Amino acid sequence: MLIKVLGSGAGGGLPQWNCNCANCSRARAGTDGLKPRTQSSIAVSQNGEDWVLVNASPDLLAQLRAHPDLQPGRSLRDSGITAVILCDAQIDHVTGLLMLRERTSPLPLYATRPVLDDLSSAFPLIPLLGHYCGVEPHPITPGESFGIEPLTGMRFTPIAIESAAPPYSPHRNAPVAGDNIALLIESVATGARAFYAPGLMHASDTIVTAMGAAQVVLVDGTFWTDTEMIDLGLSRKRGTEMGHLAQCPANDRPGTIALLDGLPSTTRKVLIHINNTNPILDPASDAHAIVREHGIEIAEDGMELQVQP
Ligand code: MLT
Ligand code: MN
Ligand code: ZN
């Protein structure tokens, strides 16, 4: 099973269009080794031809241009993307659906009921796409595994997580189960398993168990500290208020580094959905060194992960 990181950045990417923070300025200038990052998305395949897109980034077209192997030439109009799975209805995970409107058949879209509801009302992408290619919605339920034709041998298990519904959602301050999911992606034939959670605020026992069952864990790398945006004067909100657990401990609770430290040493651990303010993006920073000392990788656009049992 192969995972391609199409976009490793959080909302806004790196550099963010209107940001002059240290990371964005240096990434824009091309100095100090800060690599630009597009917004959050991965593609998964077992045969290297049929791919599932997990989250559809606003940067999707640039990401597809950067990955010509997602574009097989089987017919005049063709795409390797057979279906899309959504982890939530956040702008950085769904806006790319609009870029798929030239499809010649309805887009198979796998998402929970609350996410499909948000995308049918508050942010009505689904009815809107009805005027273009159309959407074939497949409601998914946390805890219930599903397969996707023609990806025989691949299983996907959504796991309800605590994070946050988008700011535009009626669920933003009244969360319901399924607003956000983590995904366990499995090759039934080989036993290869990957865990993906670009937004994660709290690791329940179920989440820890799912992470422990995977050979590759891709997890929320948004913030280094819970107060990062406040400290920079960029927001009044803590990371946890936005649905993201930071790498460092906060409020007497362990952070993502401690969470990943609890996994087997053989597990490949990767931080993804990294906000442009996060110091780990600077290869010369202490934060970067600390993360690497813990055996944790920092996702980059274009990164490929072979998942093997
Ligand atoms: C988030 O991950 O918190 C959101 O995607 C932020 C955003 O929409 O930009
Ligand atoms: Mn996001
Ligand atoms: Zn910035």
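Residues numbered from 1 in each chain as written. Chains lettered and ligands numbered in written order. Predicted model: local features only at pLDDT ≥ 70, side-chain atom pairs only at ≥ 80, totals over all residues. Heavy atoms only, no water.

A. A look at helix H6 (residues 205-212). If you check which residues of H6 are buried, you get Ile-207, Ala-210 and Met-211. Viewed along the axis of H6, the buried residues span an arc of 100 degrees, placing them on a single side of the element. Every exposed residue of H6 that faces more than 90 degrees away from the buried side is listed here: Asp-205 and Thr-209. (Buried < 20%, exposed > 50% of the residue type's maximum accessible area, 1.4 Å probe, protein only. Helix = DSSP H or I, 4+ residues; strand = E, 2+ residues; numbered from the N terminus. Arc of directions from axis to C-beta.)

B. Region of interest: the pairing of strand S10 (residues 216-220). Most of S10 is tucked away, with 5 of its 5 residues classed as buried. In this sheet, S10 lies alongside strand S9 (residues 193-197) in parallel orientation, the contact comprising 4 bridges. Its bridge partner being in S10, Ala-194 is matched across the sheet by Val-216. As paired elements, S10 and strand S11 (residues 268-272) share 5 bridges and run parallel to each other. Residue pairing for S11: Leu-218 is matched across the bridge by Val-270. (Pairing = 2+ DSSP bridges.)

C. Just the site of ligand 1, in detail. In the vicinity of ligand 1, the residues found are Gly-11, Gln-90, Asp-92, Met-242, His-244 and His-273. Take Asp-92: an N or O atom from its side chain is 2.8 Å from an oxygen atom of ligand 1. Within the contact set of ligand 1, an oxygen atom lies 2.8 Å away from a side-chain nitrogen or oxygen of His-244. Burial of ligand 1 by the protein chains amounts to 72% of its free accessible area of 270 Å². Residues that form the shell around ligand 1 fall into these classes: 1 nonpolar, 4 polar and 1 charged. (Near = heavy atom within 4 Å. Polar contact = N/O pair within 3.5 Å; in protein donor to acceptor, adjacent residues only side chain to side chain. Areas by Shrake-Rupley, 256 points an atom, 1.4 Å probe, with all protein chains shown as cover. Nonpolar A, V, L, I, M, F, W, Y, C, P; charged D, E, K, R; others polar.)

D. A look at helix H9 (residues 286-293). Listing the buried residues of H9 in full gives Ala-287, His-288 and Val-291. Projected onto a plane normal to the axis of H9, the buried residues spread over an arc of 100 degrees and lie on a single side. Projecting away from the buried face of H9 at angles above 90 degrees are the exposed residues Asp-286 and Glu-293. Close packing links the buried residues of H9 with helix H8 (256-261), S11 and strand S12 (296-298). Just beyond H9, the residue with positive phi is Gly-295, at close to 75 degrees. (Contact = heavy atoms within 4.5 Å.)

E. Geometry of the coordination of the manganese ion (ligand 2). Each protein donor to the manganese ion (ligand 2) is listed here as Asp-92 (OD) and His-273 (NE2); together their distances run 2.1 to 2.2 Å. Remark: His-273 occurs in the loop between S11 and H9 and Asp-92 occurs in helix H3 (residues 91-94); sequence separation between them is 181 residues. Just as Asp-92 is buried, His-273 falls in that class too. (Donors = N, O, S within 2.8 Å, 3.2 Å for Na, K, Ca; no water.)

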